[in-house]
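Structure assessment
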Amino acid sequence: MKTLILYQSFTKNTEKVTYSIEDALKNQGVIPEIKKVSKDLNIDLYDYDLVFLGTPVIEFLPCKPVLDFIHSQLMLHRKKGDIIPCSPKLPGKYAVSYVTYSGPHTGIREAIPANKYMEQFFEHLRFSVLGEWYIVGEFHKNEELSTKGTLGNIKGRPNTKDLLEIQYKVRNIVNRIKDKDRDNGHDIEEEFIPGSLRFIMKNQDFLNKFKQVIECQKNTNSLDKTTQELIKIALSASYKCRDCLKYHILEALKNGVTDIEIQDAIFCGAIIGGPPFLSFAFDVLDELRII
Ligand SMILES: Cc1cc2nc3c(=O)[nH]c(=O)nc-3n(C[C@H](O)[C@H](O)[C@H](O)COP(=O)(O)O)c2cc1C
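Rules used in this analysis
- Residues numbered from 1 in each chain as written.
- Predicted model: local features only at pLDDT ≥ 70, side-chain atom pairs only at ≥ 80, totals over all residues.
- Near = placed C-beta within 6 Å.
- Helix = DSSP H or I, 4+ residues; strand = E, 2+ residues; numbered from the N terminus.
- Nonpolar A, V, L, I, M, F, W, Y, C, P; charged D, E, K, R; others polar.
- Domains from an automatic or database assignment.
- Expected span 1.5 Å × (residues − 1).
- Buried ≥ 20, exposed ≤ 12 C-beta atoms within 10 Å, placed from the backbone.
- Arc of directions from axis to C-beta.

Let us look at the site of the ligand. Lining the immediate environment of the ligand, one finds 20 residues, of which S9, N13, T14, P56 and G137 sit closest. For the shell around the ligand, the secondary-structure elements that each account for two or more residues are α1 (13-27), β3 (50-58) and β5 (94-101). For the shell around the ligand, the class distribution of residues is 8 nonpolar, 8 polar and 4 charged.

Put into structure tokens, the structure is as follows:
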């Protein structure tokens, strides 16, 4: 699997994550090329099966060198005729975008536009985006934003735990691509299975049925995506599934749901679930720094 890691980093947070991705890939027998994004980077992304693109979040978006790189790549591939209406996926072309961010003002929500921007870039090139990763990083040389922001004390981040999570995610991505190869072209889903359900992935039969149920649910359209996520938040909390709850909170935030709406969904669930439900749900919200 020909793999490329492209990144930019000013204070080494994104670089730390990049090296962690490299380590994890090597442990999976994949030797990646690593390149720092720069003006004179001359590269053909279609030469690679798997491309990682990482950036610090600067004013909600990828940093300038990454923005410039994306712009020049879009111009190039438009000219070459690679970007076409409806963006049908190219088989065997996968991408992961990752950002490090400090979220001092509004938490993860200030990092979401950056990742979505890069996701759209890859989707226009017709790569399948298998991951969109958010890693908290210390705001170097700024004591206040590193200790008093929405995410609390983020000094030393990304820390060992953050990097371990990255290693797990990389392993997951590589296995999914290998599974797809074994599966002879069966389509890979977006990253949708939370950590505690990962063992399900080992049981192909069960997994296929589970995916069918998810597909059927996705195709229901009388409820908009945000309402669906709010229902899932209330249910995840009442079943006390920590990973499901975290996952659906992040999905809700990505779809524009506000902190207050999430809290209200939890209060709705509490009508049935009572105090144990509230205590569990608010524990998770606290972990995600949403309260
Ligand atoms: C000028 C500047 C603007 C930034 N803007 C944001 C921002 O809008 N949102 C955010 O979450 N973090 C922001 N940050 C914090 C960085 O994204 C964060 O510290 C990142 O991990 C730095 O990565 P690096 O060490 O790889 O350069 C900003 C940092 C700087 C220096």
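Accessible area lost upon the coming together of the parts serves often as the stated size of an interface. Under the domain assignment used here, the chain contains domain 1 (3-191) and domain 2 (225-287). One C-alpha centre belongs to domain 1, the other to domain 2, and the line joining them spans 27 Å.

Quick look at helix α7 (residues 225-238) now. Across its 14 residues, α7 extends 20 Å between first and last C-alpha, which sits within 8% of the 20 Å expected from 1.5 Å per residue. Within α7 the residues assigned to the buried category are E229, L230, I233, A234, S236 and A237. Projected onto a plane normal to the axis of α7, the buried residues spread over an arc of 165° and lie on a single side. Of the residues one or two after α7, K240 is the one with positive phi, at around 55°.

Its 13 residues give helix α8 (residues 242-254) an end-to-end C-alpha distance of 18 Å, which sits within 8% of 18 Å, the value for a rise of 1.5 Å per residue. Within α8, burial applies to C244, L245, Y247, H248, I249, A252 and L253. Just downstream of α8 lies G256, where phi reads positive at about 90°.

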